[in-house]
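Reading the structure
The chain contents come next:
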Amino acid sequence: MENKNIYVTKPFLPPLEEFNQYLEQIWANGQLTNNGPFHQKLEKELCEHLGIEYISLFSNGTLALITALQALKISGEVITTPFSFVATTHSLWWNNIKPIFIDIDPVTLNLDPDKIEKAITPATTAIMPVHVYGTPCDTDKIKRISDKYNLKVIYDAAHAFGVTKNGIPVLNQGDLSILSFHATKVFNTFEGGAIVCKDKQMKQHIDDLKNFGFRDETTVVEPGINAKMNELQAAMGLLQLKYVDGNIIKRKAIADKYRSGLGDIPGISFLDEIEGVKHNYSYFPVFIDENSYGRSRDELYEELKRNNIFGRRYFYPLISMFSPYNKLSSAAPELLPCAVKASNEVICLPIYPDLANEDVLKIIKTFKQ
Ligand SMILES: *Cc1c(COP(=O)(O)O)cnc(C)c1O
């Protein structure tokens, strides 16, 4: 058999001819960035597609996170999860905010809302949960707590493109939600991101912030940054949008194959499907219980690599284990048992729209070797 490498993801690329047509338009009108025609069109189409009120496009998701905290003037301490991509916590650091890690829920692997109240101090100003792997957080419970203590909620929704719960887009929860359109995500603009918000004034504020604080040619209203999405990225986004629903259906088919192919293996488990959730199948995490499976997650990870299959241990190590954060008192592993367990057991398997059936079968076979 051919020994090509299979990676955890492979960015979806629309047909090149379609992108070339957009390039010709960009060359014809000469506008490369600064809220150009493709940028405006993509904001409009994303609002319709995602069922949201307002969106502000960004050059990447990390700058969207950093700017969201600026937009709400968050300071002091923010309660967040250690089980995420490191950018979640870095965005706090860049705003001089102290992250307070709390443990995760063992079923959803999202920040455990029952742990929030104990972590609140007079310095707490906000909660930053993550819809990990696109599984919605318990947004109702988080809202009850944030209302009670007058805290802001900023969702890192980098994994939650198009996810709905009981028909309601998760992007409409909290004060702000952040998307990432990085090449590895379900919907990509090479690099890119966005902030989703609920009113026009906030959208204006965020649009100012991502463009140096300029309101108009001669007015700077605040010290903003440069985090604008350019026209090439926006054109890519418009094309991705045409294909994203079909791609999610293809992803679901792969997830179904994994579930049926791996479901009977002792020691292998998956995340529960949550009733009422329309998923985007952005990741396919499996969890390895070393005792009943007979080898550890890392042994399996290496065995997969020997077979040219490159799963990823998202999220290992925990953010709280990294040197900028591991001295914080909330980073002590004994306070985060569920996060430590998930981090030690997880491996995300390859999932992308054109992953071949024979590759899926090869991956399943490797688990059984
Ligand atoms: C990808 C990702 C980000 C960062 O987004 P970029 O667009 O790569 O800057 C932030 N948070 C989470 C959870 C992510 O997966």
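Scroll up to find the structure this text is about.
Heads up: these notes are all about the structure in this document. (Residues numbered from 1 in each chain as written. Predicted model: local features only at pLDDT ≥ 70, side-chain atom pairs only at ≥ 80, totals over all residues. Heavy atoms only, no water.)

Within the protein, the secondary structure is distributed over 12 helices and 17 strands. Rg of the C-alpha trace for the protein: 21 Å, near the compact-globule value of 21 Å for 369 residues, within the 12% margin. C-alpha atoms of the protein, sized along the principal axes, occupy 65 × 55 × 40 Å. Within the protein, the fraction of its 369 residues that count as buried is 55%. Of all intrachain contacts in the protein linking residues separated by at least 6 positions in sequence, the fraction that spans at least 24 positions is 70%. Carbon and sulfur atoms make up 53% of the accessible area of the protein, which amounts to about 16,900 Å² in all. (Helix = DSSP H or I, 4+ residues; strand = E, 2+ residues; numbered from the N terminus. Rg over C-alpha atoms; globule rule 2.2 N^0.38 Å. Buried < 20%, exposed > 50% of the residue type's maximum accessible area, 1.4 Å probe, protein only. Contact = heavy atoms within 4.5 Å. Areas by Shrake-Rupley, 256 points an atom, 1.4 Å probe, with all protein chains shown as cover.)

Looking at where serine 329 falls in the secondary structure, it is placed in the loop between strand E16 (309-310) and helix H11 (337-345). Residue serine 329 is classed as exposed on the basis of its relative accessible area of 61%. With 28 residues separating them along the chain, serine 329 and asparagine 357 place their C-alpha atoms 47 Å apart.

Where two aromatic rings form a pair, the distance of their centres and the angle of their planes describe that pair. Taken as a whole, this structure holds 18 aromatic pairs when the rule is applied. With a centroid separation of 5.5 Å and 85° between ring planes, the pair formed by phenylalanine 83 and phenylalanine 315 is classed as edge-to-face. With phenylalanine 83 in the loop between strand E3 (77-80) and helix H4 (87-93) and phenylalanine 315 in the loop between E16 and H11, the pair connects residues that are 232 residues apart, well separated along the chain. Exposure remark for phenylalanine 83: the relative accessible area of 0% places this residue in the buried category. The interplanar angle of 75° and the centroid separation of 4.9 Å between the aromatic rings of phenylalanine 181 and phenylalanine 187 together place this pair among those described as edge-to-face. Judged by its relative accessible area of 0%, phenylalanine 181 is buried. Ring pairs connect the aromatic residues Phe83, Tyr133, Tyr283, Tyr314 and Phe315, which therefore count as one cluster. Across the ring face of phenylalanine 85, the terminal group of lysine 185 is positioned such that the distance to the ring centre comes to 6.0 Å. Note that lysine 210 overlies the ring of phenylalanine 58, its terminal NZ or CZ placed 5.6 Å from the centroid. (Phe/Tyr/Trp six-rings, centres within 6.5 Å; stacked < 30°, edge-to-face > 60°. Lys NZ or Arg CZ within 6 Å of the ring centre and 35° of its normal.)

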